[in-house]
Amino acid sequence: MVACQAPLSVGFPRHEYWISFSRGQQEQHTNRFVPSQEYRTRGVRAAAMSAELEASEGLDEPERRISGAPEEEIHTSMADLSELLKEGTKESHDRAENTQFVKDFLKGNIRKELFKLATTALYFTYSALEEEIDRNKDHPAFAPLYFPMELHRKKALIRDMEYLYGEHWEEQAQCSEATRKYVERIHEVGQNEPELLVAHAYTRYMGDLSGGQVLKKVAQRALKLPSTGEGTQFYLFENVDNAQQFKQLYRARMNALDLNLETKEKIVKEANKAFEFNMQVFNELDQAGSLLARETLEDGLPAHDGLPAHSRLPTQDGLPVHDGKGDLRKCPYYAAQLEKGALEGSSCPFGAALAVLRRPGLQFLLAASVALAAGLLAWYSM
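Residues numbered from 1 in each chain as written. Predicted model: local features only at pLDDT ≥ 70, side-chain atom pairs only at ≥ 80, totals over all residues. Heavy atoms only, no water.

K.L.:
Can you help me understand the packing of helix 8 (residues 112-135) against helix 10 (residues 154-165) in this one?
P.N.:
Direction vectors running N to C along helix 8 and helix 10 enclose 155°, while the axes themselves pass 9 Å from each other. The orientation of helix 8 with respect to helix 10, classified from their angle, is roughly antiparallel. The interaxial crossing formed by helix 8 with helix 10 has left-handed handedness. Packed against helix 8, whose contacting residues are Lys112, Phe115, Lys116, Leu117, Thr119, Thr120, Leu122, Tyr123, Tyr126, Ser127 and Glu130, the element helix 10 presents Lys154, Leu157, Ile158, Asp160, Met161, Leu164 and Tyr165 at the interface. Its residues placed into classes, the contact of helix 8 with helix 10 shows 10 nonpolar, 3 polar and 5 charged. (Axes fitted to C-alpha atoms, helices over the stretch in contact; angles between N-to-C directions. Helix = DSSP H or I, 4+ residues; strand = E, 2+ residues; numbered from the N terminus. Parallel < 35°, antiparallel > 145°, perpendicular 65-115°, else oblique. Left-handed = near helix turned anticlockwise from the far one by under 90°. Contact = heavy atoms within 4.5 Å. Nonpolar A, V, L, I, M, F, W, Y, C, P; charged D, E, K, R; others polar.)

Structure below.
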């Protein structure tokens with residue numbers, strides 16, 4: 001395994017996917033849930049999932065009151081972990097969703113090199129997360145949420161890394177600074193406060209089952225990746241037949257954890273930290289995207305579609321032009337016009353001229369024109 005060292009789901013769930021069961025449904029789950037080893041195989045898991053979901057479709061709140069359910073029991077759902085997480089992470093969720101990297105990704109403005117870096121960050125993150133999940137699979141504060149067959153992403157990410165980097169991908173994969181800090185926190189939690197591991201698992205896996213599916217389609221379209229899934233295996237949950245039902249089951253299992261209110265609040269706080277770590281990774285990727293754009297321009301190539309919108313070189317009639325930023329004295333055209341006061345509405349022609357001269361067809365025409373002019377000049381001089 002490649003270790004994450006300093007020398008980066010992406011998607012987060014939309015709010016509509018975070019709706020928990022009704023109060024009556026949650027109490028049904030709380031009263032009926034008994035963790036068992038039988039859930040370790042997919043066939044029995046599927047049957048158990050179906051049974052739990054059927055049981056969850058029981059009495060609603062008014063019916064429970066008519067049947068004599070205690071008022072205190074009804075109000076306990078207000079402290080359900082899934083509800084506390086939903087309400088307690090709204091602000092962090094919105095901030096993560098509005099980072100420049102995520103907005104550009106959703107618009108399809110992503111280069112393959114940047115997508116590779118993002119996949120690398122996911123690989124190191126999930127390697128750490130699933131190492132700690134396996135370590136704590138029997139811990140009472142996490143055991144009911146242990147779904148390795150359905151959720152674990154490391155093997156899928158290895159296949160994506162092999163496709164994106166080649167068979168020697170481990171030699172090329174480097175853990176970025178922001179990812180390293182995220183990984184260190186996951187290990188710290190898993191080894192010292194396993195109950196807080198719930199926050200990291202919930203934040204990542206529920207997001208991957210929701211918004212991650214959108215990102216998969218965007219990546220395939222923007223990067224022309226195969227529709228058969230090469231390069232986007234991370235987003236494919238082969239053992240989850242119905243994502244919405246599975247998320248409902250996962251929330252019900254969280255609500256069934258035997259945790260006091262203080263511990264639940266600590267989990268919410270940790271979930272906000274998880275969002276913050278992800279935002280740091282996104283910001284780092286955004287900076288990497290800007291660097292890639294600058295390197296492309298320094299190599300004498302115009303920026304192409306696939307770059308973040310804010311990193312693109314301004315164009316006029318399809319050719320790059322000066323955007324009015326930076327030191328105008330570096331452009332001979334602007335320096336000359338500055339004294340004449342003729343800058344308004346103008347654009348620097350030198351970038352456009354260079355771009356034109358790089359086109360093979362135009363280079364041929366220019367060479368032919370020069371040769372013809374030289375021939376005419378020689379004939380005139382005779």
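Picking up where we left off.
K.L.:
I'm lost on the packing of helix 8 against helix 13 (residues 197-209) in this one. Help?
P.N.:
Think of two packed helices as two axes; the pair is described by the angle between the axes and how far apart they sit. Closest axis-to-axis distance for the helix 8/helix 13 pair is 11 Å, and the angle between their directions is 130°. It follows that helix 8 is oblique to helix 13 by the angle criterion. Here the hand of the crossing between helix 8 and helix 13 comes out left-handed. Residues Leu122, Tyr126, Leu129, Glu130, Glu132 and Ile133 of helix 8 pack against Leu197, His200, Ala201, Arg204, Tyr205 and Asp208 of helix 13.

K.L.:
When you look at the nonpolar core in this model, what are you seeing that I'm missing?
P.N.:
Nonpolar side chains tend to gather and get buried jointly when the protein is soluble and globular. With 70 residues, the main nonpolar core has Phe101, Phe105, Phe115 and Tyr250 as its most contacted residues. Among the elements that make up this core, the one with the highest residue count is helix 8 (11 residues). Once residues within four sequence positions are removed from consideration, Tyr250 is found in contact with Leu145, Phe147, Leu151, Ala201, Tyr202 and Met206. (Core = buried A, V, L, I, M, F, W, Y, C linked by side-chain atoms within 4.5 Å. Buried < 20%, exposed > 50% of the residue type's maximum accessible area, 1.4 Å probe, protein only.)

K.L.:
Even after reading the chapter, I still don't get a negative patch on the surface, so can you show me in this structure?
P.N.:
Taken together, the side chains of Glu162, Glu167, Glu170 and Glu171 make up a negatively charged region of the molecular surface. Along the chain, Glu167 falls in the loop between helix 10 and helix 11 (169-172). By relative accessible area, which is 70% here, Glu167 ends up exposed. (Patch = residues over 30% accessible without salt bridge, like charges linked within 9 Å, V, L, I, M, F, W, Y side chains within 5 Å. Areas by Shrake-Rupley, 256 points an atom, 1.4 Å probe, with all protein chains shown as cover. Salt bridge = Lys/Arg side-chain N within 4 Å of Asp/Glu carboxyl O. Lys, Arg positive; Asp, Glu negative; His and termini not counted. Charge placed at Lys NZ, Arg CZ, Asp CG, Glu CD.)

K.L.:
What is the right way to read the environment of Ala118 from this model?
P.N.:
Inspection of the secondary structure assignment puts Ala118 in helix 8. Along the sequence, Ala118 and Leu285 sit 167 residues apart, while their C-alpha atoms lie 7.0 Å from each other.

K.L.:
How should I be thinking about unusual backbone geometry in this particular structure?
P.N.:
For residues besides glycine, phi is generally negative; the peptide bonds are generally trans as well. In the Ramachandran plot, Lys224 falls in the positive-phi region, its phi being about 55° despite a non-glycine side chain. Residue position: Lys224 is located in the loop between helix 14 (211-223) and helix 15 (243-256). Judged by relative accessible area, which is 74%, Lys224 ranks as exposed.

K.L.:
Sorry if this is basic, but what is going on with helix 14 here?
P.N.:
Residues separated by three or four positions in an α-helix point in the same direction, a consequence of the helix having 3.6 residues per turn. With 13 residues, helix 14 ought to run about 18 Å at 1.5 Å a step, and its terminal C-alpha atoms sit 18 Å apart, in line with that. Among all positions of helix 14, only Gly211, Gly212, Leu215, Lys216, Val218, Ala219, Gln220 and Leu223 are buried. (Expected span 1.5 Å × (residues − 1).)

K.L.:
Hey, could you run me through the pattern of salt bridges in this one?
P.N.:
Opposite charge on two side chains permits pairing when their charged atoms draw close. Tallied over the entire structure, the rule returns 11 salt bridges. The residue Arg180 makes a salt bridge to Glu184 at a minimum N-O spacing of 2.6 Å. With Arg180 and Glu184 both in helix 12 (residues 177-192), this residue pair falls 4 residues apart, about one helical turn. Arg180 sits in the buried class, given a relative accessible area of 18%. The closest approach of N and O atoms between Glu188 and Arg185, which form a salt bridge, is 3.3 Å. With Glu188 and Arg185 both in helix 12 and 3 residues apart, the pair spans about one turn of that helix.

K.L.:
Please clarify how the packing of aromatic side chains should be interpreted in this entry.
P.N.:
Here a ring pair, both rings aromatic, is described through the centre-centre distance and the interplanar angle of the planes. Counted according to the given criterion, the structure contains 12 aromatic pairs. For the ring pair Phe147 and Tyr250, a centre distance of 6.1 Å and an interplane angle of 40° mean the geometry is tilted. Placement of the pair is Phe147 in the loop between helix 8 and helix 9 (148-151) and Tyr250 in helix 15, with a sequence separation of 103 residues. Residue classification places Tyr250 among the buried residues on the basis of a relative accessible area of 0%. (Phe/Tyr/Trp six-rings, centres within 6.5 Å; stacked < 30°, edge-to-face > 60°.)

K.L.:
It is not clear to me how the layout of surface pockets should be interpreted in this structure. Could you clarify?
P.N.:
Unfilled space is identified by rolling a water-sized probe across the atoms. When its volume is computed, the second largest pocket comes out at roughly 270 Å³. If you go around the second largest pocket, you meet 14 residues; those closest to its centre are Met149, His152, Arg153, Lys155 and Ala156. The set of elements that each furnish at least two residues to the lining of the second largest pocket consists of helix 9 and helix 10. It is helix 10 that provides the largest number of residues to the lining of the second largest pocket, a total of 4 residues. Partitioned by chemical class, the residues of the lining of the second largest pocket number 5 nonpolar, 2 polar and 7 charged. (1 Å grid on protein atoms, 1.4 Å probe; cavity = no way out; pocket = protein on both sides within 12 Å on 5 of 7 lines; lining within 4 Å. Points joined across faces, edges and corners; volume = space filled by probe spheres on them.)

K.L.:
Whenever I open this one, helix 5 (residues 81-88) confuses me. Can you help?
P.N.:
Of the positions making up helix 5, those classed as buried are Leu81, Ser82 and Leu85. Along the axis of helix 5, the buried positions cluster into a sector of 100°, meaning they face one direction only. (Arc of directions from axis to C-beta.)

K.L.:
Looking at this structure, how should I read the side chain of Arg185?
P.N.:
On the basis of relative accessible area, Arg185 is assigned to the buried category, the value being 13%. Only 2.7 Å separates the side chain of Arg185 from the side chain of Glu270, close enough to count as a polar contact. The contacts of Arg185, once residues within four sequence positions are left out, are Glu193, Leu196, His200, Glu270, Lys273 and Phe277. (Polar contact = N/O pair within 3.5 Å; in protein donor to acceptor, adjacent residues only side chain to side chain.)

Bear in mind that shape data such as this cannot, by itself, settle questions of function.
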